[in-house]
Amino acid sequence: MDLRIFTEPQQGATYDTLLTVAKATEDLGFDAFFRSDHYLSMGSADGLPGPTDAWITLAGLARETDRIRLGTLMTAGTFRLPGVLAIQVAQVDQMSGGRVELGLGAGWYEEEHKAYGIPFPKEKFARLEEQLEIITGLWATETGRTFDYHGTHYDLTKSPALPKPAQPKVPVLIGGHGATRTPRLAARYADEFNMPFASVEDTVRQFGRVRDAAREAGRDPGDLVYSNALVVCVGKDDQEVARRAAAIGREVDELKANGLAGSPAEVVDKIGRYAETGSSRIYLQVLDLHDLDHLELISAQVQSQLS
């Protein structure tokens, strides 16, 4: 079971804070550092000192880390044109020496679009499908050849399809709860399917849909990596768990029901239940980015038991 650190910087984080967490992620033996792609805080968070851009952040981290994978859960398809995003991701992959992964979603948070003047189209899923075809098509085009695409939402003519990523293929992540279109897109384009913030039971159902869609598309379901994203709140004792839950404005019982919370033994046991669904990777949503002791505890007493 791979453990990856997943951050939500729109809730309030500087680049320096993210760099500190990313370096801790690397030093403590976690597999990857991922971040969300949002420009506006949610809930009661003030979001200070203001948003950071996902791919600018990852470009910086690409030069300041050596081992960990770097990526997004999920890049919002509404924020970037697909040709431009293909260039950005390829460049960051080169800067990292081939450690980047692209999680791409349709975009959903209308308020942040209003706040920063970003168009929020009514039909987002069809755009996402075209974006995936364009981005993967650009990267797959042989150097020296051109790429053309004429869709409903995007039109590319004689693109040189450059630059190329450092990796032969940048892993593409698709995720979500949708029962029909999401599994179909994952079967066609994804290297990894991620089930965010879901119970074991819902994970079983959705993974089953993705596997069925893969078979229908003529693809071996075992070709995909299956993963979960879950909030994490671990403590050496009940008091420490309660303190960490309070720091992120959550209740312990709710966290235990909907995330990975409690003692290291409790969390290891629950991760085991997700492993039984076929999940081989957990994105630990860390909401208090200043509590590095939390990461140390997870590394020493959770990750060590899983490896």
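Notes on the structure follow. Since this is a predicted model, take the numbers as computed values, not measurements.

Another point: the overall build of the protein chain. Assigned secondary structure in the protein chain consists of 11 helices and 12 strands. For 307 residues, the compact-globule formula gives about 19 Å, and the C-alpha radius of gyration of the protein chain, at 19 Å, lands near that figure. With respect to the three principal axes, the spread of C-alpha positions in the protein chain is 60 × 45 × 35 Å. Here the protein chain has roughly 13,500 Å² of accessible surface; of this, 50% comes from carbon and sulfur atoms. Taking the 32 positively charged and 44 negatively charged side chains of the protein chain as two groups, their mean positions are separated by 5 Å.

This part is about the pattern of salt bridges. All chains considered together, the criterion is met by 22 salt bridges. Glutamate 240 serves as the salt-bridge partner of arginine 244, at 3.1 Å between the closest nitrogen and oxygen. Of this pair, arginine 244 and glutamate 240 both sit in helix H8 (residues 238-247), 4 residues apart, which is roughly one turn of that helix. You'll find arginine 244 and glutamate 240 in the same group, each marked buried. Among the ionic contacts, a cluster of salt bridges with common partners joins Lys236, Glu240, Arg243, Arg244 and Asp291.

Right, let's get into the packing of aromatic side chains. Per the counting criterion, the structure on display carries 6 aromatic pairs. The interplanar angle of 70° and the centroid separation of 5.0 Å between the aromatic rings of phenylalanine 34 and tyrosine 283 together place this pair among those described as edge-to-face. With phenylalanine 34 in strand E2 (residues 32-35) and tyrosine 283 in strand E12 (residues 281-286), the pair connects residues that are 249 residues apart, well separated along the chain. With relative accessibility at 0%, the residue phenylalanine 34 sits in the buried group. Relative to phenylalanine 79, the ring of tyrosine 39 has its centre 4.6 Å away and its plane inclined at 20°; by these criteria the two rings are stacked. Here the residue tyrosine 39 occupies a position in the loop between E2 and helix H2 (54-64), and phenylalanine 79 occupies one in the loop between strand E4 (75-76) and helix H3 (82-96), the gap between them amounting to 40 residues. For tyrosine 39, a relative accessible area of 17% translates into the label buried. For phenylalanine 79, a relative accessible area of 15% gives the class buried. Ring pairing ties together the aromatic residues Tyr39, Phe79 and Tyr116, which thus form one cluster. Between the NZ or CZ atom of arginine 181 and the centre of the ring of phenylalanine 125, over which it lies, the distance is 4.2 Å.

A few words now on unusual backbone geometry. A cis amide bond, omega -20°, links leucine 73 with the succeeding residue methionine 74. Cis geometry marks the peptide bond from leucine 162 to proline 163, where omega comes out at 0°. In this model, lysine 158 sits at a positive phi of 50°, which is unusual for a non-glycine residue. In this structure, lysine 158 sits in strand E7 (residues 155-159). Take lysine 158: its relative accessible area is 64%, and that puts it in the exposed class. Its identity is not glycine, yet alanine 161 carries a phi of approximately 55°, on the positive side.

So, on to the pairing of strand E10 (residues 225-234). Burial within E10 is extensive, with 9 of its 10 residues counted as buried. Pairing between strand E9 (residues 192-196) and E10: 5 bridges, direction parallel. If you follow proline 196 over to E10, its bridge partner there is alanine 229. Following the chain from E9 across helix H7 (residues 200-216) to the adjacent parallel E10, one finds a crossover that is right-handed.

Attention shifts here to the nonpolar core. If you look at soluble globular proteins, the nonpolar side chains tend to sit buried side by side. Core analysis: the biggest nonpolar cluster contains 69 residues, and Trp55, Leu102, Trp139 and Leu284 have the highest contact counts within it. If one sorts the elements of this core by residue count, helix H5 (residues 125-140) sits on top with 7 residues. Not counting residues up to four positions away in its chain, the partners in contact with leucine 284 are Leu3, Arg4, Ile5, Phe6, Phe30, Leu230, Val232, Leu260 and Ile298. In this structure, Phe6, Phe34, Leu173 and Tyr283 belong to the second largest nonpolar core, which totals 7 residues.

Calculation notes
- Numbering of residues starts from 1 in every chain and runs along the sequence as written.
- Totals for whole chains, interfaces and linings use every residue, but because this is a predicted model, local features are given only for residues with pLDDT of at least 70 and side-chain atom pairs only at 80 or more, for both listing and counting.
- To get the side-chain values, all heavy atoms of the structure are used, and hydrogens and water are removed first.
- Secondary structure elements follow DSSP: runs of H or I of four or more residues count as helices, runs of E of two or more count as strands, with numbering from the N terminus.
- For this measure, only C-alpha atoms enter the radius of gyration; the expected value for a globule follows 2.2 Å times N^0.38, where N is the number of residues.
- For the area figures, the Shrake-Rupley method with a 1.4 Å probe applies, and any residue is considered shielded solely by the protein chains shown.
- The sign given to each residue is positive for Lys and Arg and negative for Asp and Glu; His and the chain ends receive no count.
- Working definition for charges: the position is that of NZ of Lys, CZ of Arg, CG of Asp or CD of Glu.
- In the sections that follow, a salt bridge refers to a side-chain nitrogen of Lys or Arg positioned within 4 Å of a carboxyl oxygen of Asp or Glu.
- Residue burial is assigned from relative accessible area. The probe radius is 1.4 Å, only protein chains are included, and a residue is buried under 20% of its type maximum, exposed over 50%, and partly exposed in between.
- A pair of aromatic rings is counted whenever rings of Phe, Tyr or Trp (Trp by its six-membered ring) have centres within 6.5 Å, and the orientation is called stacked for planes under 30 degrees apart, edge-to-face for over 60 and tilted otherwise.
- Only Lys NZ and Arg CZ are tested; either one counts as a charge over a ring when it is within 6 Å of the ring centre and within 35 degrees of the ring normal.
- Note: two strands are recorded as paired if DSSP finds a minimum of 2 bridges between them.
- Here a crossover is taken to be right-handed if, once the strands point away from the viewer, the path from the first strand over the helix to the second is traced clockwise.
- Among buried residues, those of type Ala, Val, Leu, Ile, Met, Phe, Trp, Tyr and Cys that are joined through side-chain atoms within 4.5 Å constitute a nonpolar core.
- Should any heavy atoms of two residues lie within 4.5 Å, those residues are considered in contact.

Distances and angles like these do not, on their own, reveal function.
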